[in-house]
Amino acid sequence: MQFIFLGPPGAGKGTQASLLADLWQISHVSTGDILRKAISGKTSLGLQAQAHVEAGELVPDVLIMALMREYFGQIDRNQGWILDGFPRTVTQAYALDELLSIVRQPHPRVVFFEVAPEALVERMLARGRQDDTRDTIRRRLEIYQADTAPLVELYQRRKCLVKADGNRPVEAISHYLQHVLAQHQAKALA
Ligand code: AMP
């Protein structure tokens, strides 16, 4: 089971990824969490990423790809995963294609979380993360529109996109995804 969870910041990707990864015993790979850990541990990745994360800007693709190459280099071919917050640019999406073919991992299904824009700011302010100030939230939403939203069309063209209504309660979304993704999985194996 291999999935990409795509959507604007605050759409609930992380919550769903964590629930489903636990349920299916697969890995939950959150580039945001990895970066926050690296920053608090003051590793070389953290020091290079810190200013970008704090400003609500994207971390450069080369750093993110180095991190993902390391992840895919160490896992088993049959390992299941949910990528949460990656890819976030068209460059990252193409680099991921290449990486997956090198490590002979299947191309993932992509779940797109659709949420009303007004709800996003409130949700982000409510979770109280250090990079969730009004200014950085606005910047992150702008960047999402400019750099990440084009991935929806890219994956739609490839016919691997599943849409989830992120305005619904957590439980309802989780049930829906369990159902629809298990169906896709069964079809892929048939
Ligand atoms: P997130 O927890 O997914 O909202 O990510 C928090 C921050 O980490 C983002 O605002 C970016 O600064 C950085 N980040 C996370 N994932 C990526 C990525 N795939 N590409 C570039 N920057 C990222």
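Residues numbered from 1 in each chain as written. Predicted model: local features only at pLDDT ≥ 70, side-chain atom pairs only at ≥ 80, totals over all residues. Heavy atoms only, no water.

## With respect to the nonpolar core
Point 1. One finds Leu6, Met68, Phe72, Trp81, Leu83 and Tyr155 to be the most contacted residues of the largest nonpolar core, which totals 33 residues.
Point 2. Of all the secondary structure elements, the ones that give two or more residues to this core are strand 1 (2-6), helix 2 (31-40), helix 3 (44-55), helix 4 (61-74), strand 3 (81-84), helix 5 (90-102), strand 4 (109-114) and helix 8 (150-157).
Point 3. With 7 residues, the top contributor of residues to this core is helix 4.
Point 4. Ranked by size, the runner-up nonpolar core spans 22 residues in total, among them Leu20, Trp24, Val111 and Phe113. (Core = buried A, V, L, I, M, F, W, Y, C linked by side-chain atoms within 4.5 Å. Buried < 20%, exposed > 50% of the residue type's maximum accessible area, 1.4 Å probe, protein only. Helix = DSSP H or I, 4+ residues; strand = E, 2+ residues; numbered from the N terminus.)

## So, the pattern of salt bridges
Point 1. Applying the stated criterion to the full structure yields 10 salt bridges.
Point 2. Between aspartate 33 and arginine 36 there is a salt bridge; the shortest N-O distance is 2.8 Å. With a gap of 3 residues between them, aspartate 33 and arginine 36 both fall in helix 2, about one helical turn apart.
Point 3. Looking at aspartate 33, the relative accessible area reads 37%, which means it is partly exposed. (Salt bridge = Lys/Arg side-chain N within 4 Å of Asp/Glu carboxyl O.)

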